[in-house]
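Observations on the model geometry
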Amino acid sequence: MNKYPPCFPDDFEAKILPAGAREETRPVYRVIKYGTIDRQSFISTYEEIKQKLIPPRKNMDPMDPGLYSTSCNIEYSEAEYALKIFMRHKPKAFIAKGKTEKMCGPSQLTADREKRTDTHVDWWIYQESEPQIYFHEV
């Protein structure tokens, strides 16, 4: 059975996960912040906050689906921009290329639910999945 991380709200799937999110495989780029392509490199923003790896956002909305996702980009240039920002505080960060493997959880182009024009992808990764096996450093 596909379950989300235990720190997610009990009603996450029913009340927070967007209706347009689908288990699908799409090519993406991911900024690996901590220097190693492992399972920890694919935790959600919410999990990073819970593990005290990053501070909570100001005005954090617990109903924001993006808070519970792992961020990726379809366009390399957008991942490269994010990498430059992350490298200020995480010098071991790099870009990995891979795919949002559908068996690992649903994903959605963020622009499908928000007003934006970039290629950011939200990926809600199941607790017991191994997304890291679908990625390699570029």
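This text goes with the structure placed above it.
Reference entry: report on the structure contained in this document. (Residues numbered from 1 in each chain as written. Predicted model: local features only at pLDDT ≥ 70, side-chain atom pairs only at ≥ 80, totals over all residues. Heavy atoms only, no water.)

**A few points about the overall build of the chain**
- Along the backbone of the chain there are three helices and six strands.
- In the chain, the succession of α and β elements from N to C terminus is α-β-α-β-α-β-β-β-β.
- Against the globule reference of 14 Å for 138 residues, the chain gives a C-alpha radius of gyration of 14 Å, in line with a compact fold.
- Counting all 138 residues of the chain, 45% fall into the buried class.
- Counted over contacts in the chain with a minimum sequence separation of 6, partners at least 24 positions apart contribute 70%.
- Summed over all atoms, the accessible surface of the chain reaches about 8000 Å², with 51% contributed by carbon and sulfur.
- Averaging the coordinates of the 21 positive side-chain charges in the chain and doing the same for the 21 negative ones gives two points 4 Å apart. (Helix = DSSP H or I, 4+ residues; strand = E, 2+ residues; numbered from the N terminus. Rg over C-alpha atoms; globule rule 2.2 N^0.38 Å. Buried < 20%, exposed > 50% of the residue type's maximum accessible area, 1.4 Å probe, protein only. Contact = heavy atoms within 4.5 Å. Areas by Shrake-Rupley, 256 points an atom, 1.4 Å probe, with all protein chains shown as cover. Lys, Arg positive; Asp, Glu negative; His and termini not counted. Charge placed at Lys NZ, Arg CZ, Asp CG, Glu CD.)

**Some points on the pairing of strand β1 (residues 27-32)**
- Of all six residues in β1, five are buried; the element is thus mostly enclosed.
- With six bridges joining them, β1 and strand β3 (residues 94-99) adopt antiparallel strand pairing. Counterpart to Y29 in the pairing with β3 is K97. (Pairing = 2+ DSSP bridges.)

**Quick look at the pattern of salt bridges**
- Applying the stated rule across the entire model yields eight salt bridges.
- The residue E24 makes a salt bridge to R26 at a minimum N-O spacing of 2.4 Å.
- Of the residues examined, E24 reaches a relative accessible area of 30% and is grouped as partly exposed.
- Taking relative accessible area as the criterion, R26 reaches 15% and is therefore assigned buried.
- Notably, a salt bridge pairs R57 with D64, separated by 4.0 Å at the nearest N-O pair.
- Overall, the relative accessible area of 42% leaves R57 in the partly exposed class.
- Under the relative-accessibility criterion, D64 is labelled partly exposed at 22%. (Salt bridge = Lys/Arg side-chain N within 4 Å of Asp/Glu carboxyl O.)

**Section: the environment of K92**
- Here K92 lies in the loop between α3 (76-86) and β3.
- Look at K92 and you get exposed, because its relative accessible area is 61%.

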